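Residues per chain, in single letters:
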Amino acid sequence: MQIRNFEKTNNGKPWRAHETFLIEKEILGYLKGFRGELFSQHPFWSIISARLKDVVVCNGTYRGMPLPTAATDGEVIMVNAQWFLGLPAESRKPTFLHEVGHNALGHPFRRGDRDCRLWNESCDYELNLILKELGYSIPKWLCDDKYKGMSAERIHSILLKEREEQEEEPPDNPGEDPEDGGSGEGGTEESGDPSEDLEGNDEGSQSDDSKGESATGDDDSPAPGDCDEPGQIWDPTSPEGDPLTKEEVSEKMEELAKDIQMASTISKQCGKGSSPSLQRSMDRITKPKMNWKKRMDKWVRDKGTPSGRTWSRLDFFVK
């Protein structure tokens, strides 16, 4: 049975039940084969992928939410069957590896209250440069060498500043007479100038209502056909579909850090090292920078506010 037969017979119509079963089985076979290849080529990615579940979606929605391409929420890799079948054969494995990479870097758990669509783009920039270092082709995906070595949080800060600068710029309508004063009804032209290199915060804050907007259909969630390939990052949820709390997200990150350390050790034992960019990204999870301000705030809350004390320098008077 050839998958391309279903591509020809579907023509945008829903597949019949027996076709759906065969398609799911065939695509799951592809993904299982990719995992087997990864074990010999990239043991690190193979071990990380073993903690994930694969789901093939034939009707375009998953848990009531649109799935135009592929997505991951830290627990599951979801693939739109029709979209996957339309990919060139050489793009299918990088697509699978891309979704595994989002989980290896903890992207679903690091968004916090950042803009969902902009966070997706930031994570793609961070991850695709790593895949490029591994020798994979990046077909029309977000990839720019100016972000090399940066965390998704830092990239998000840069993209956010660029967007704010573009929104502040007056409309640029070359066809209008300058004397007209510009009514502002015309669309603004996006600026292509890169933003200055900002010192972004690598520690993603988590909010209690960290439900993925891409999963709930809120205003900043990617709509069908309005997302960059190869997929989306959905915020993690409980088995019941509820958003995770800060404590639950922290626990997930701790579990991921242990998996990363184990996968990295096994990969080195197999003679497969990590690229510099991947190593930096792993260190951000396994060796996070300590935020002393948050530590001191927590200490003060636990001990109580000191009375009559100050952090100012002592002024001793010696007679």
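Rules behind the numbers
- Residues numbered from 1 in each chain as written.
- Predicted model: local features only at pLDDT ≥ 70, side-chain atom pairs only at ≥ 80, totals over all residues.
- Heavy atoms only, no water.
- Pairing = 2+ DSSP bridges.
- Helix = DSSP H or I, 4+ residues; strand = E, 2+ residues; numbered from the N terminus.
- Contact = heavy atoms within 4.5 Å.
- Axes fitted to C-alpha atoms, helices over the stretch in contact; angles between N-to-C directions.
- Core = buried A, V, L, I, M, F, W, Y, C linked by side-chain atoms within 4.5 Å.
- Buried < 20%, exposed > 50% of the residue type's maximum accessible area, 1.4 Å probe, protein only.
- Parallel < 35°, antiparallel > 145°, perpendicular 65-115°, else oblique.
- Left-handed = near helix turned anticlockwise from the far one by under 90°.
- Nonpolar A, V, L, I, M, F, W, Y, C, P; charged D, E, K, R; others polar.
- Salt bridge = Lys/Arg side-chain N within 4 Å of Asp/Glu carboxyl O.
- Expected span 1.5 Å × (residues − 1).
- Phe/Tyr/Trp six-rings, centres within 6.5 Å; stacked < 30°, edge-to-face > 60°.

> Is there a simple way to explain the sheet that holds strand β6 (residues 232-233) in this structure?
Think of a sheet as strands paired side by side through backbone hydrogen bonds, with each pair either parallel or antiparallel. In spatial order, the strands read β1-β5-β4-β6; together these four strands make up an open sheet with mixed pairing. Looking at the sheet topology across the chains shown, the edges are occupied by β1 (53-57) and β6. Pairing of β1 with strand β5 (residues 76-80), which is carried by five bridges, proceeds in the parallel orientation. Bridging from a neighbouring strand, V55 pairs with M78 of β5. The sheet strands contacting helix α5 (residues 89-104) are β1, β4 (70-72), β5 and β6, and the helix crosses β4 at an angle near 20°.

> What's the story with the nonpolar core in this structure? I'm lost.
For soluble globular proteins, the rule of thumb is that nonpolar side chains tend to be buried together. Among the nonpolar cores identified, the biggest contains 41 residues, and F44, W45 and F84 are the most heavily contacted of them. At the level of elements, α2 (17-41), α3 (43-49), β5, α4 (81-85), α5, α7 (116-133), α10 (246-269) and α11 (276-286) are the ones that each hand at least two residues to this core. Ranked by residues supplied to this core, first place goes to α10 with six residues. Ignoring any residue separated from it by four or fewer positions in sequence, one finds W45 in contact with L38, L97, V100, G101, A104, L127, I130, L134 and L278.

> Whenever I open this one, unusual backbone geometry confuses me. Can you help?
The phi torsion of most residues other than glycine is negative, and most of the peptide bonds are trans. The backbone phi angle of R63 is positive, close to 55°, even though this residue is not glycine. Structurally, R63 is set in the loop between β2 (61-62) and β3 (65-66).

> Sorry if this is basic, but what is going on with the packing of α7 against helix α8 (residues 152-168) here?
When two helices pack together, their arrangement is given by the angle between their axes and by how far apart the axes lie. Running from N to C, α7 and α8 cross one another at 130°; their axes reach a closest spacing of 8 Å. As the angle between them shows, α7 and α8 are arranged oblique. For the crossing formed where α7 meets α8, the hand is right-handed. Contacts between α7 and α8 involve L118, W119, E121, S122, C123, Y125 and E126 from the first element and A152, E153, I155, H156, L159, L160 and R163 from the second. Tallied by class, the residues present in the contact of α7 with α8 amount to eight nonpolar, two polar and four charged.

> Help me out: how do you make sense of the pattern of salt bridges in this one?
A side chain with one charge may pair with a side chain of the opposite charge, provided their charged atoms come close. Overall, the coordinates contain 12 salt bridges when judged by the stated rule. The salt bridge involving E75 is made with K252; its shortest N-O contact spans 2.7 Å. Taken together, the positions of E75 in the loop between β4 and β5 and K252 in helix α10 put the pair 177 residues apart, joining distant regions of the chain. Residue classification places E75 among the partly exposed positions, given a relative accessible area of 30%. Across the pair E126 and R284 runs a salt bridge, and its minimum N-O distance is 3.4 Å. Of this pair, E126 sits in helix α7 while R284 sits in helix α11; the two residues are 158 residues apart in sequence, bridging distant segments of the chain. Overlapping salt bridges bring together R110, E126, E153 and R284 as one network.

> In this structure, what is going on with the side chain of H156? I would like to understand it.
By the secondary structure assignment, H156 is in helix α8. For H156, a relative accessible area of 5% corresponds to the buried category.

> In this structure, what is going on with the pairing of β5? I would like to understand it.
Residues in a regular strand point their side chains to alternate faces of the sheet. The buried fraction of β5 is high, at five of five residues. Burial of β5 is two-sided: the residues V76, M78 and N80 facing one way and the residues I77 and V79 facing the other way are all buried. The antiparallel hairpin formed by β4 and β5 contains three residues in its connecting segment, where G74 sits at a positive phi of about 95°.

> Whenever I open this one, α11 confuses me. Can you help?
An α-helix turns once per 3.6 residues; consequently, residues spaced three or four apart project the same way. All of the buried residues along α11 are S277, L278, S281, M282, R284, I285 and T286. Against the buried residues of α11 lie α3, α5, α7 and α10.

> Help me understand α10, please; the structure alone is not making it clear to me.
Taking 1.5 Å of rise per residue, 24 residues should cover 34 Å, and α10 covers 35 Å from first to last C-alpha, within 8% of that figure. Buried within α10 we find V249, M253, L256, A257, I260, A263, S264 and S267. One or two residues past the end of α10 sits G271, with phi positive at roughly 80°.

> Even after reading the chapter, I still don't get the packing of aromatic side chains, so can you show me in this structure?
Aromatic ring pairs: the centre-centre distance and the angle between the two ring planes describe each pair. Scanning the model with the defined rule gives five aromatic pairs in all. A ring pair is formed by Y30 and F84, whose centres lie 6.1 Å apart and whose planes are at 65°; its orientation type is edge-to-face. Linking Y30 in helix α2 with F84 in helix α4, this pair joins segments that are 54 residues apart in sequence. On the basis of relative accessible area, Y30 is assigned to the partly exposed category, the value being 30%. Residue F84 is classed as buried on the basis of its relative accessible area, which comes to 1%. With centroids separated by 4.7 Å and ring planes inclined at 50°, the aromatic side chains of Y125 and Y147 adopt a geometry described as tilted.

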